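# Geometric and topological summary
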Amino acid sequence: MKAFAFERASDAAAAVAAGADGATFLGGGTNLVDLMKLGVAAPTRLVDVSRLPHDGIEETAGGLRIGAAVRNADLASHPLVRERYPVLSEALLAGASGQLRNLATVGGNLLQRTRCSYFQDVTKPCNKREPGSGCPARDGEHRNHAILGHSEHCVATHPSDMAVALAAIEATVEVLGPAGPRTIPIPGLHRLPGDKPQHDTVLNPGDLITAIELGGPAPRSVYRKVRDRASFAFAVLSVAAVVEPADVRIALGGVAHVPWRAEQAEAVLRGRELSPEAIAEAADAELSAAIPLRDNAFKVPLARNVLIRTLSELAP
Ligand SMILES: Cc1cc2nc3c(=O)[nH]c(=O)nc-3n(C[C@H](O)[C@H](O)[C@H](O)COP(=O)(O)OP(=O)(O)OC[C@H]3O[C@@H](n4cnc5c(N)ncnc54)[C@H](O)[C@@H]3O)c2cc1C
Ligand code: SF4
C-alpha cells in the first residue's frame, strides 16, 4: 500500500475543502481500504468523515432523515426503519456480514465500487480503473455482470443492496459540495457506464454525502436477494418492491451499473390489481430490454421469477 496522510475532519466544511483539494473521504473503510491494499485506489490524503456529527436518525415531517455516518447495522435495526421501511432493513441485513455492517457507513455503502474481478486486479486492463484500457469482462468472466443498460465500455454491476432498496423507496441524498448543499434523488445518483465507466456517480470532487432523506413510510415493502451462498455474498440478482394504494415501485439489483428502477414494469402495474397475469406481464415488459452476455443469460428468467415471487408476496 502506498503511504498516505491521514486526518479526521473537524467539520463538514473542512472535509469538503479537503476533498476539493484532492483528499479522499474515508467512511468505515471496508471498501476503500481493501482497494488500497489491492493497489486499485492510491489516495495520498485520507480524510475520515465517519466521526462527523452525521450519525443521527431523525423523524421529519414526511419520513426519516438518516445521517451519512450512521452505521449499516444501526440503520437496519432501528425500530422506525424496521416498522416503516422493511425493504431497507432487509436489504441492509442481506448485505455483507455482521462485523462489516457494524463498521460500514451509509455514505460509504452508497459509493462502494463494483466487484468486477478485472477492476480489482491491477494486472488486467479495465476501462473503469484505467480509462481506454479495455473491458476484458465482455468476452471473459462475466457471469455476475449486467444484463441491462451496459455499454461496450463496461458491463459491471453496482454492488450495494441498500441502494437498490433506496431506489424503490425514492430516497434523496443530501450532498454538501464546494458550491454549497444540494439534493440528488437516488435513482439519479448512480450513472450508466456509457463511454465514461470511470464515473460511478454524478458526484464531483469534494462532494460529501451528509444524509439520506426517506419520504413517506413504505410498510408494504420487501427485499429479495439471490446470492451464491447463504453467508455473505454480493447479489447475483435482487428485487426491492414497495406497494402503495395507487402505485408500485420496483428496483432491481445485480442487473446494471446502477440500482435499476423497473419503470416498464411499474407502468404496466399502475392502477391495476396485483394479479398473477398483471405481475407476469410487468416482469416481461421490464426484461424485454435485457441484453444478456454470453454467460449470464440465466439472469433473465431468474429476474422474471424473483420479480414475480416478490410482487406476489405483496399482493393482497
Ligand atoms: C467481504 C465483504 C462482503 C460484502 N458484501 C456486501 C453485500 O453483500 N452487499 C452490499 O451491499 N455490500 C457488501 N459489502 C460492501 C460493504 O457494504 C461496503 O464495503 C460498505 O458499505 C462501504 O461502507 P464504508 O463506510 O466502509 O465505505 P468506505 O470504504 O469508507 O468508502 C467507500 C467509498 O465511499 C466514499 N465515501 C465514504 N463516505 C463518504 C461520504 N460521506 N461522502 C462522500 N463519499 C464518501 C469513500 O471515499 C470511498 O470512495 C461487502 C464488503 C465486504 C468486504
Ligand atoms: S466490466 Fe467494467 S469494471 Fe469490469 S473490466 Fe469491464 S470496464 Fe472494468
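Residues numbered from 1 in each chain as written. Chains lettered and ligands numbered in written order. Predicted model: local features only at pLDDT ≥ 70, side-chain atom pairs only at ≥ 80, totals over all residues. Heavy atoms only, no water.

### A few points about the nonpolar core
- Among the nonpolar cores identified, the biggest contains 39 residues, and L75, L88, L110, M162, L166 and L214 are the most heavily contacted of them.
- No other element matches the eight residues that helix α8 (residues 161-169) contributes to this core.
- Those residues in contact with L88 that sit more than four places away from it in its chain are I66, L75, V81, M162, A165, L166, I169 and L214.
- One finds A256, A262, I279 and A290 within the second-largest nonpolar core, a separate group that totals 30 residues. (Core = buried A, V, L, I, M, F, W, Y, C linked by side-chain atoms within 4.5 Å. Buried < 20%, exposed > 50% of the residue type's maximum accessible area, 1.4 Å probe, protein only. Helix = DSSP H or I, 4+ residues; strand = E, 2+ residues; numbered from the N terminus. Contact = heavy atoms within 4.5 Å.)

### Observations regarding the pattern of salt bridges
- Applying the stated rule across the entire model yields 23 salt bridges.
- Across the salt bridge formed by D200 and K128, the nearest N and O atoms sit 2.6 Å from each other. Of this pair, D200 sits in the loop between β7 (180-185) and β8 (208-214) while K128 sits in the loop between α7 (106-110) and α8; the two residues are 72 residues apart in sequence, bridging distant segments of the chain.
- We note a salt bridge from E170 to R249, for which the minimum N-O separation is 3.8 Å. Taken as a pair, E170 in the loop between α8 and β6 (172-177) and R249 in strand β11 (residues 247-253) lie far apart in primary sequence, 79 residues in all.
- Residue R249 is classed as buried on the basis of its relative accessible area of 6%. (Salt bridge = Lys/Arg side-chain N within 4 Å of Asp/Glu carboxyl O.)

### Overview of the packing of aromatic side chains
- For the coordinates displayed, the defined rule picks out zero aromatic pairs.
- The ring of F232 has R229 sitting right over it, with the charged end atom 4.8 Å from the ring centre. (Phe/Tyr/Trp six-rings, centres within 6.5 Å; stacked < 30°, edge-to-face > 60°. Lys NZ or Arg CZ within 6 Å of the ring centre and 35° of its normal.)

### Some details on the site of ligand 2
- Residues in contact with ligand 2 amount to 14 residues; listed here are only the nearest, C116, C126, C135, C154 and V155.
- Of the residues belonging to the shell around ligand 2, the class tally is ten nonpolar, three polar and one charged. (Near = heavy atom within 4 Å. Nonpolar A, V, L, I, M, F, W, Y, C, P; charged D, E, K, R; others polar.)

### What to know about the pairing of strand β3 (residues 45-48)
- Taken together, the four bridges between strand β1 (residues 5-8) and β3 define a ladder with parallel strand orientation. When the sheet's bridge partners are listed, F6 is paired in β3 with L46.
- Taken together, the three bridges between strand β2 (residues 24-26) and β3 define a ladder with parallel strand orientation. From the neighbouring strand, F25 faces β3, where its bridge partner is V47.
- Where the polypeptide runs from β2 across helix α2 (residues 32-38) and back to β3, its parallel neighbour, the crossover connection is right-handed. (Pairing = 2+ DSSP bridges. Right-handed = clockwise from strand over helix to strand, strands pointing away.)

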